Amino acid sequence: MKMRSGSILFFIFLLSAIHGLAFAHADHDEEDGDNGDEMRLEMIHRYSPRAKDHGVHVEIPPTQQALIQELHRHDIVRLQMMAQKRQQNAHDQGLNSSSSSSNSTRRMDMQTRVSMTMPINTGWDYGLGQYLVQIEVGTPAQKFMVIANTGSDLTWVRCQSHCSKGCGIRQGRKNHQRVFNADRSSTYKSIPCSSQMCKFDLANMFSLNKCPSPLSSCRYDYSYAEGSSAFGAFATDTISASLSNGKRTRIENVLMGCTESVIGKGGFKGGHGILGLGFGRYSLTTKAALNFGGKLSYCLLDYMSHKNVTSYLTFGANKKAVLQGKLSYTQLVLGDPSSGAYYGLHLEGISIGGQMLNIPIHIWNPNLGGGTLIDSSTSLTHLTMPAYRPVMTALTMPLTKLRRLPSGEDPFDFCFNPIGYSDHLVPKLVFHFAGGAKFAPPVKNYVVDITPGKKCIAFVPATEGPCIIGNIMQQNHLWEFNLVQKTLGFAPSTCT
């Protein structure tokens, strides 16, 4: 089971952005393989002049309150699902060592100077709590805007096969959705039910539908935390992308889903599918990282960023990132992908105004039902009550002289009139990670505008673990996931 201004919120970032390594082969025939570039994939803002060309159509929530409520509902369901999986797998010890062979390691060592990058823009105007990225699937390539989801291993697009050349066009016009025409791709290969991959590997990772015959395509029923489900057939195909030097690269034999139907569209508004950025054995992240040094990075734009400002999702060393400080590193905790391909961190404490808060240490221990995840597909930052109470007490104490406003249906406990407010009134918030790394987000990441006359402290209480550092808190920082060294690096950045 996997998973979802303008004066308004922020919450829209993902990248669902981003969240083992083996099985990849990148075809570098169109570049020399020693260029020092990264592989870049771009996410397009809805109001960019290019967006209309990608067939993205969505109905935007009528008010910012409506958007907040929608995002909060999505977050709550996702958080409950995460907690259940973590509880069921409390003693996971990390990725299966067999998922990274010595051959894979050697290949990654040779490819560390090559990388790919995808541009990222906020998904606010798509009515989503995620980011969208453009990918090119098949040979010849067909372009799609897909939702980047760090909690999902499967990359899929809306798809039809055995229906002639016009099937994708007809379906796309009818439903305002682009549809992948599998028949037109010379590199598309279905996976039969009789294959070892279907019977064992995929059966252990995904929820499969019954096969009517051994020669039938291996089929999935892929569910997400907010209640949406995708139904279709597994296949492999080629993903194409541009390198930052303008040349092209291809990643062959990528496991993908040919999704024929979707139930519960709440999680997929505006997207043609899902880009699975989890670290499972067959995920695109795993395959791309194998060819680009084992690194994945993203930088989430401020929610007030101009619609034409673009940043990138990068596979490989992100040498073009504009940093405003040195990278800090901490341990990245990669659990068993079968229990949810989430990125865990060893958070040791939180300080406010230079004072460490009195938070029970077991709150940060995943083996005791706690722990901390960094998730680009969750919008808000969720803290369990033993952490939430002291954080809110310390942050709100200097704001008591401001006029308190009722939260109403907003998910926040402390809201106020901004007259007389200044960011300088809010004490500095710092997350302290194992190894001494400190993440000090800017105040605008946790004191947010709800309406022109209302601000709120953007923490949400969670009834059970783990704690989640959401994408709003992550914005305007580069986040570098090293799946080989199992480290997370981060630093302030302009994200452009």
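If you're wondering where the values come from, they're calculated on a predicted model, not measured in any experiment.

Participant: In this structure, what is going on with the overall build of the chain? I would like to understand it.
Facilitator: When helices and strands are tallied, the chain shows seven helices and 30 strands. Accessible area for the chain stands at about 19100 Å²; split by element, carbon and sulfur atoms hold 51% of it.

Participant: Even after reading the chapter, I still don't get helix H6 (residues 385-396), so can you show me in this structure?
Facilitator: The periodicity of an α-helix, 3.6 residues per turn, causes residues three or four positions apart to be oriented the same way. For H6, spanning 12 residues, the distance from its first C-alpha to its last is 16 Å, which sits close to the expected 16 Å at 1.5 Å a residue. Taken together, the buried positions of H6 are occupied by Ala 387, Tyr 388, Pro 390, Val 391, Met 392, Ala 394, Leu 395 and Thr 396. Packing partners of the buried residues in H6 comprise strand E17 (347-352), strand E20 (381-384), strand E26 (454-457) and strand E27 (459-462).

Participant: What's the story with the sheet that holds E26 in this structure? I'm lost.
Facilitator: Sheets are built from strands paired through backbone hydrogen bonds, the pairs being either parallel or antiparallel. Overall, antiparallel pairing links the four strands, which are arranged E21-E22-E26-E25 in an open sheet. Each having just a single partner strand, strand E21 (404-405) and strand E25 (447-451) make up the two edges of the open sheet. Where strand E22 (residues 415-416) and E26 come together, two bridges link them in antiparallel fashion. Residue pairing in the sheet places Cys 415 in a bridge with Cys 456 of E26.

Participant: Before we go on, may I ask you to explain the side chain of Thr 155 in this structure?
Facilitator: Position of Thr 155 relative to the elements: it lies in strand E6 (residues 155-160). Polar contacts involving the side chain of Thr 155 include one to the main-chain amide nitrogen of Gly 276, which spans 3.0 Å.

Participant: I'm lost on the state of the cysteines in this one. Help?
Facilitator: By definition, a disulfide links the sulfur atoms of two cysteine residues through a covalent bond. Evaluated as defined, the whole model comprises five disulfides. Two residues share a disulfide in this structure: Cys 159 and Cys 258, whose sulfurs sit 1.9 Å from each other. Disulfide Cys 159-Cys 258: torsion about the S-S bond near -80°, hence left-handed. Within this pair, whereas Cys 159 is found in strand E6, its partner Cys 258 is found in strand E11 (residues 248-263), the two being separated by 99 residues in sequence. Cys 159 sits in the buried class, given a relative accessible area of 2%. Cys 258 sits in the buried class, given a relative accessible area of 1%. Shown here is the disulfide that connects Cys 415 with Cys 456, its sulfur atoms set 2.0 Å apart. Taking the sign of the S-S torsion, about 105° here, the bridge from Cys 415 to Cys 456 comes out right-handed. With Cys 415 in strand E22 and Cys 456 in strand E26, the pair connects residues that are 41 residues apart, well separated along the chain. On the basis of relative accessible area, Cys 415 is assigned to the buried category, the value being 0%. Overall, Cys 456 belongs to the buried group, its relative accessible area being 0%.

Participant: Would you mind going over the sheet that holds strand E24 (residues 438-439) with me for this structure?
Facilitator: As summarised here, the arrangement of the four strands in space is E18-E17-E23-E24, forming an open sheet in which the pairing is antiparallel. Two strands lie at the open edges of the sheet, namely strand E18 (355-356) and E24, each paired on one side alone. Two elements, strand E23 (residues 429-433) and E24, share two bridges in a ladder whose sense is antiparallel. Pairing of Phe 431 across the sheet is with Phe 439, part of E24.

Participant: Would you explain the nonpolar core in this entry?
Facilitator: Looking at soluble globular proteins, one finds that nonpolar side chains tend to be buried together. Ile 350, Phe 431 and Phe 459 are the most contacted members of the largest nonpolar core, which has 77 residues in total. Among the nonpolar cores identified, the runner-up in size contains 19 residues, and Ile 191, Leu 202, Phe 206 and Val 262 belong to it.

Participant: Hey, could you run me through the pairing of E23 in this one?
Facilitator: Looking along a regular strand, one sees the side chains alternate between the two faces of the sheet. The buried fraction of E23 is high, at five of five residues. Because side chains alternate across E23, one face comprises the buried residues Leu 429, Phe 431 and Phe 433, and the other comprises Val 430 and His 432, equally buried.

Participant: Is there a simple way to explain the pairing of strand E29 (residues 477-482) in this structure?
Facilitator: With six of its six residues buried, E29 lies for the most part within the structure. Alternating positions in E29 separate into two faces, His 477, Trp 479 and Phe 481 on one and Leu 478, Glu 480 and Asn 482 on the other, with burial throughout. By the bridge criterion, five bridges tie strand E13 (residues 295-299) to E29 in an arrangement that is antiparallel. Bridge pairing in E29 links Cys 299 to Leu 478. Pairing analysis gives six bridges linking E29 to strand E30 (residues 487-492), with the strands arranged antiparallel. When the bridges of E30 are listed, Leu 478 appears paired with Ala 491. Hairpin remark: E29 followed by E30, antiparallel, with four residues in the connecting loop; positive phi at Lys 486, about 55°.

Participant: Please explain the environment of Phe 292 as it appears in this structure.
Facilitator: Assignment of secondary structure puts Phe 292 in the loop between helix H5 (284-291) and E13. Along the sequence, Phe 292 and Gly 316 sit 24 residues apart, while their C-alpha atoms lie 4.5 Å from each other.

Participant: I would appreciate a short explanation of the packing of aromatic side chains in the present structure.
Facilitator: Across all of its chains, the model carries 13 aromatic pairs by this definition. The interplanar angle of 70° and the centroid separation of 5.9 Å between the aromatic rings of Phe 433 and Phe 490 together place this pair among those described as edge-to-face. Remark: Phe 490 occurs in strand E30 and Phe 433 occurs in strand E23; sequence separation between them is 57 residues. Both residues of the pair, Phe 433 and Phe 490, count as buried. Among the aromatic side chains, those forming a connected cluster through ring pairs are Phe 431, Phe 433, Phe 439, Trp 479 and Phe 490.

Participant: Honestly, the environment of Leu 71 in this entry has me stumped. Any pointers?
Facilitator: Position of Leu 71 among the secondary structure elements: in helix H1 (residues 64-88). Given the relative accessible area of 0%, Leu 71 is considered buried. Put simply, Leu 71 and Leu 380 are 309 residues apart on the chain and 8.3 Å apart in space, counted from C-alpha to C-alpha.

Participant: Quick question: what am I supposed to make of helix H4 (residues 196-205) here?
Facilitator: Along H4, the residues that are buried comprise Cys 198, Leu 202 and Met 205. The buried residues of H4 occupy one face: seen down the axis, they fall within an arc of 80°. Relative to its buried face, H4 has exposed residues pointing more than 90 degrees away, namely Gln 196 and Asn 204. On the buried face of H4, the contacting elements are strand E10 (229-243) and E11.

Participant: Hey, could you run me through the confidence of the model for the chain in this one?
Facilitator: As a general rule, the predicted coordinates of low-pLDDT regions are not to be interpreted in detail. Mean pLDDT over the chain: 75, with 68% of residues reaching 70 or higher. Segment residues 168-175: pLDDT under 50, and eight contacts once partners within four positions in sequence are set aside and those in other chains are kept.

Conventions and cut-offs
- Residues numbered from 1 in each chain as written.
- Predicted model: local features only at pLDDT ≥ 70, side-chain atom pairs only at ≥ 80, totals over all residues.
- Heavy atoms only, no water.
- Helix = DSSP H or I, 4+ residues; strand = E, 2+ residues; numbered from the N terminus.
- Areas by Shrake-Rupley, 256 points an atom, 1.4 Å probe, with all protein chains shown as cover.
- Expected span 1.5 Å × (residues − 1).
- Buried < 20%, exposed > 50% of the residue type's maximum accessible area, 1.4 Å probe, protein only.
- Contact = heavy atoms within 4.5 Å.
- Pairing = 2+ DSSP bridges.
- Polar contact = N/O pair within 3.5 Å; in protein donor to acceptor, adjacent residues only side chain to side chain.
- Disulfide = S-S within 2.5 Å.
- Core = buried A, V, L, I, M, F, W, Y, C linked by side-chain atoms within 4.5 Å.
- Phe/Tyr/Trp six-rings, centres within 6.5 Å; stacked < 30°, edge-to-face > 60°.
- Arc of directions from axis to C-beta.
- pLDDT = per-residue confidence, 0-100.

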